[in-house]
Amino acid sequence: MPYALRPGLSFCVAGGRHFFLDRVANRYFALADQDQRMFACLTTANGDDVSKPDCSMAVIQLLVPCPQGSIAPCQPRFRPTGELGAHEAGRFSLLQVTRATFAYAVAKVLLRRNSLAWLLDDLARRKAAIDRSVEPEDGLVHLALAFEALRSFIGQDQCLPLSIAYARCAYARGYRVEIVFGVTPRPFGAHCWVQQGGDVLNDRLARVEHFTPIYAQ
């Protein structure tokens, strides 16, 4: 029987290894060498041979039976190719920064109280509720300027709450943006950012290009 990844799990291949994001357990992980080789074989076979006796329990626990199952790495609709342009010197609204700060504080609280899976499901519902009518294009620029100012006040890497806050603000304004998670293999690192199409909205292209996407929505 074909198998697929269990719900809440995604993976990518970076530096010749498979890395996983468990959105329910809020963790990244990789497999031991033998399990890594077995999982690589399963991705080639689309999960059809998962019942072989040499398949370890560590690999079996990643999978669920699925008649139309397939095991494929994360494939975002758009790869990052540019920036919004709001990272250059520009004026930001104090009101926009205040709203961004509040959204960031809310995101921090939500992250303490809920799993990443719950938060991403909530973002998906907000995105699905957006109609096709959005405000003028410079609204995204103003939002990016506000979060750029907020990032400088925070003074530390808070990519997850900042990206969740940015996405929530963008959805409230009618923009269908995409939140992306990525990893680097050696040394291992994880990062997340927000895009619209190929444009990076709340980060620098030169930075996110170093990360292989492991989940996007």
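Cut-offs and rules
Residues numbered from 1 in each chain as written. Predicted model: local features only at pLDDT ≥ 70, side-chain atom pairs only at ≥ 80, totals over all residues. Heavy atoms only, no water. Pairing = 2+ DSSP bridges. Helix = DSSP H or I, 4+ residues; strand = E, 2+ residues; numbered from the N terminus. Contact = heavy atoms within 4.5 Å. Axes fitted to C-alpha atoms, helices over the stretch in contact; angles between N-to-C directions.

What links the strands of a sheet is backbone hydrogen bonding, and the strands pair in either a parallel or an antiparallel sense. The five strands lie next to each other as 6-9-8-7-10, forming an open sheet whose pairing is mixed. Each edge of the open sheet is held by one strand with a lone partner, namely strand 6 (82-83) and strand 10 (212-216). With seven bridges joining them, strand 7 (residues 178-184) and strand 8 (residues 189-196) adopt antiparallel strand pairing. Bridged to I179 within strand 8 is V194. Of the strands in this sheet, strand 7 and strand 10 are in contact with helix 4 (residues 116-128), which crosses strand 7 at around 145°.

A few words on the sheet that holds strand 4 (residues 27-30). Pairing within the open sheet is antiparallel, and its three strands lie in the order 2-3-4. Only two strands of the sheet have a single partner each, and these edge strands are strand 2 (9-14) and strand 4. Strand-to-strand twist in this sheet, taken as the mean axis angle between neighbours without regard to direction, amounts to 25°. Across six bridges, strand 2 lies against strand 3 (residues 17-22) in antiparallel orientation. Each residue of the ladder has a partner; that of A14, found in strand 3, is R17.

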